[in-house]
Amino acid sequence: LVTVKSVIDLSENDLLKFAASLEAGSEHPLAQAIVNGAKERNISLNKIQNFSSVTGKGVKGNIDSHQVSLGNARMMEDLGLNSSALEEEANRLRAEGQTVMFVAIDQQVAGFVCVADPIKETALQAIQELHKNNIKIVMITGDNSRSAEAIAGLLGIEQTLSEVLPEDKSAEIKRMQEGGSRVAFVGDGINDAPALAQADVGIAIGSGTDVAIETGDIVLMKDDLRDAVAAIQLSRKVISRIKLNIFWAFAYNALLVPVAAGALYPAFGITFRPELAGLAMAASSVTVISLSLLLKKYIPPAIKN
C-alpha cells in the first residue's frame, strides 16, 4: 500500500511518478513497492540519469532535467532541506508502522511517499515460536524509531535498534557478542551482508540478494520466517540426538568391554565368546544409526501445522 502527499503545485500521481521513476534504479524492497504502486495507478515511468544511492538514507538522480532526491529525514538534512512542515503527519503514519520517504525536486521538499508493509501472519507465528524457545529478539532497522516501535509492538518484539546505518549493523551485533550473547541474524539485502558475516549464525532469506545468500550460513528457501525458527529447532534436536548417541555408545563400551576382558570370569565363570562380542558391537552400531535415522521423521514445531 503506497500513500502519497504533495505540498507543492504537483498532483499526487505526478509526485509518485517522480518517486517511482527514481526508485526503478534501486533493488531495495521499498523501492520495488513504490514502483509497483505506480504501476497499479497506470503511471508510466521516465528515464533516469546520474542515479546514485546514499547508503542508509535514500537515492537521487536526474529526471527530465529535474534533480530529484528521495529518502529519509537525514537525507533531507544532508541536502540542506527542511522537512519539518511534514513531520507531524509523517509521525502519525510512522506510529502506524508505515515507512515515510521524503521527495525533493530541484532542492525543494515536494512531499512524501509512504509505504505500508502489512505484517505477515507467519512472521507473528515465528516470533511467538522464538519466545517459546526462550530466544530474545532484537529488531535492527534503518527505519525511523516510531515506525520500528510500532511494528515491534504489533509483533511482540522486546527490543528495537532503529535508524541504524547498514555499516553499523555488524557493529551492533559485535556489541551483543561482546556482552556474552550468541547471535543469529536474519537478513536479505546487500546491506545485511556484513551483519550476516559478523553473526555467529547468518540466516539469509532465499528471495533476497545474491550477496546476502552467499554470506549466510543458512539459506531459507522460502520467504517465511518460520523456517528460521525451524532451523533452530532442528539444530537443537540434532545436538540432542548426538548427545544421546554418545551416551549409548559409552554405555555399551563401559558395560561390555570389561566383560569381554574377563572381569566376570573369576566370580561367575562368565566369558564373552567372539561371536557374541561381534553381535554386541553390531547392536551398538545399529542402535546409534537407528536413533539418527529417526530424525527423518522429525518435523520442527514451527512448521508442523
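Residues numbered from 1 in each chain as written. Predicted model: local features only at pLDDT ≥ 70, side-chain atom pairs only at ≥ 80, totals over all residues. Heavy atoms only, no water.

**Student:** Which parts of the structure should I look at to understand the overall build of the protein chain?
**Tutor:** For the protein chain, the count of helices and strands is 12 helices and 11 strands. Its C-alpha atoms give the protein chain a radius of gyration of 28 Å, more than 25% over the compact-globule value 19 Å for 305 residues. Along the longest, intermediate and shortest principal axes, the C-alpha atoms of the protein chain span 105 × 35 × 35 Å. Here the protein chain holds 305 residues, and 37% of them are scored as buried. Looking at the protein chain as shown, the accessible area adds up to about 17,200 Å², and 55% of this sits on carbon and sulfur atoms. Each charge sign in the protein chain was given a centre, from 28 positive and 35 negative side chains, and these centres are 10 Å apart. (Helix = DSSP H or I, 4+ residues; strand = E, 2+ residues; numbered from the N terminus. Rg over C-alpha atoms; globule rule 2.2 N^0.38 Å. Buried < 20%, exposed > 50% of the residue type's maximum accessible area, 1.4 Å probe, protein only. Areas by Shrake-Rupley, 256 points an atom, 1.4 Å probe, with all protein chains shown as cover. Lys, Arg positive; Asp, Glu negative; His and termini not counted. Charge placed at Lys NZ, Arg CZ, Asp CG, Glu CD.)

**Student:** It is not clear to me how the packing of helix H10 (residues 226–260) against helix H12 (residues 274–293) should be interpreted in this structure. Could you clarify?
**Tutor:** Helix packing for two helices is described by the angle between their axes and how far apart those axes are. Contact geometry for H10 and H12: axes closest at 9 Å, N-to-C directions at 170°. Overall, the two elements H10 and H12 adopt an arrangement that is roughly antiparallel. The segment H10 lies against H12, with Arg241, Leu244, Asn245, Trp248, Tyr252 and Leu256 engaging Ala280, Ala283, Ser284, Thr287, Val288, Leu291 and Ser292. (Axes fitted to C-alpha atoms, helices over the stretch in contact; angles between N-to-C directions. Parallel < 35°, antiparallel > 145°, perpendicular 65-115°, else oblique. Contact = heavy atoms within 4.5 Å.)

**Student:** Help me out: how do you make sense of a nonpolar patch on the surface in this one?
**Tutor:** Taken together, the side chains of Ile239, Ile242, Ile246 and Phe250 present a nonpolar region at the surface, about 400 Å² in accessible area. Relative to the helices and strands, Ile242 is located in helix H10. (Patch = residues over 30% accessible without salt bridge, like charges linked within 9 Å, V, L, I, M, F, W, Y side chains within 5 Å. Salt bridge = Lys/Arg side-chain N within 4 Å of Asp/Glu carboxyl O.)

**Student:** Explanation requested: the pairing of strand S9 (residues 184–187) in the structure shown.
**Tutor:** Burial along S9 is one-sided: the face carrying Phe185 and Gly187 is buried and the face carrying Ala184 and Val186 is not. Bridge count between S9 and strand S10 (residues 201–205): four bridges; the pairing is parallel. Bridge pairing links Gly187 to Ala204 in S10. (Pairing = 2+ DSSP bridges.)

**Student:** What's the story with helix H1 (residues 12–23) in this structure? I'm lost.
**Tutor:** In an α-helix, one turn spans 3.6 residues, which is why side chains three or four residues apart end up on the same side. For H1, which comprises 12 residues, the first-to-last C-alpha distance of 16 Å matches the rise-based estimate of 16 Å (1.5 Å per residue) to within 8%. Every buried residue of H1 is listed here: Leu15, Leu16, Phe18, Ala19, Ala20, Ser21, Leu22 and Glu23. (Expected span 1.5 Å × (residues − 1).)

**Student:** Can you help me understand the packing of aromatic side chains in this one?
**Tutor:** By convention here, two paired aromatic rings are described through the distance between centres and the angle between planes. If you walk through the whole model with that rule in mind, you get two aromatic pairs. On the basis of an interplanar angle of 85° and a centroid distance of 6.5 Å, the ring pair of Phe102 and Phe112 is categorised as edge-to-face. Pair noted here: Phe102 is in strand S5 (residues 99–105) and Phe112 is in strand S6 (residues 109–115), with a separation of 10 residues, a long-range link. Consider the rings of Phe247 and Trp248, whose centres lie 5.3 Å apart with planes at 70°: the pair is edge-to-face. Under the relative-accessibility criterion, Trp248 is labelled partly exposed at 37%. (Phe/Tyr/Trp six-rings, centres within 6.5 Å; stacked < 30°, edge-to-face > 60°.)

**Student:** How should the pattern of salt bridges be read in this particular structure?
**Tutor:** Pairing between side chains becomes possible if they bear opposite charge and their charged atoms approach one another. Summed over all chains, the structure comprises 10 salt bridges. Across the salt bridge formed by Asp78 and Lys57, the nearest N and O atoms sit 2.5 Å from each other. In this pair, Asp78 is assigned in helix H3 (residues 73–78) and Lys57 in the loop between strand S2 (49–54) and strand S3 (58–63), connecting sequence segments 21 residues apart. Taking the relative accessible area as the measure of exposure, Asp78 reaches 52% and is therefore exposed. When the shortest N-O distance is used, the salt bridge between Glu87 and Arg94 registers 3.0 Å. Grouping residues by exposure puts Glu87 and Arg94 together as buried. Through salt bridges with shared partners, one network takes in Lys5, Glu89, Arg92 and Glu96.

**Student:** What is the right way to look at the sheet that holds strand S11 (residues 218–220) in this model?
**Tutor:** Each strand in a sheet pairs with its neighbour through backbone hydrogen bonds, running either in the same direction (parallel) or in the opposite one (antiparallel). Taken together, the three strands give an open sheet; going across it, the order is S9-S10-S11, and neighbouring strands pair in parallel fashion. Whereas interior strands pair on both sides, the edge strands pair on one side only; in this sheet they are S9 and S11. Adjacent strand axes in the sheet meet at a mean angle of 20° when their direction is disregarded.

**Student:** Explanation requested: the environment of Lys222 in the structure shown.
**Tutor:** Structurally, the position occupied by Lys222 is in the loop between S11 and H10. Note on Lys222: relative accessible area 51%, which makes it exposed. Leave out the neighbours within four places in its chain, and Lys222 touches Ile205 and Asp227.

**Student:** Is there a simple way to explain the nonpolar core in this structure?
**Tutor:** Here is a general trend for soluble globular proteins: nonpolar side chains tend to be buried in one another's company. Among the nonpolar cores identified, the biggest contains 21 residues, and Leu16, Ile34, Leu70, Val103 and Val113 are the most heavily contacted of them. Breaking this core down by element, the ones donating at least two residues are strand S1 (2–6), H1, helix H2 (29–40), S3, strand S4 (66–71), S5 and S6. The element best represented in this core is H1, accounting for six residues. Look past the residues within four positions of Val113 in its chain and what remains in contact with it is Val2, Thr3, Leu16, Ala19, Ile34, Thr99, Val100, Met101 and Val103. Ala126, Ala148, Ile151 and Ala302 belong to the second largest nonpolar core, which has 13 residues in total. (Core = buried A, V, L, I, M, F, W, Y, C linked by side-chain atoms within 4.5 Å.)

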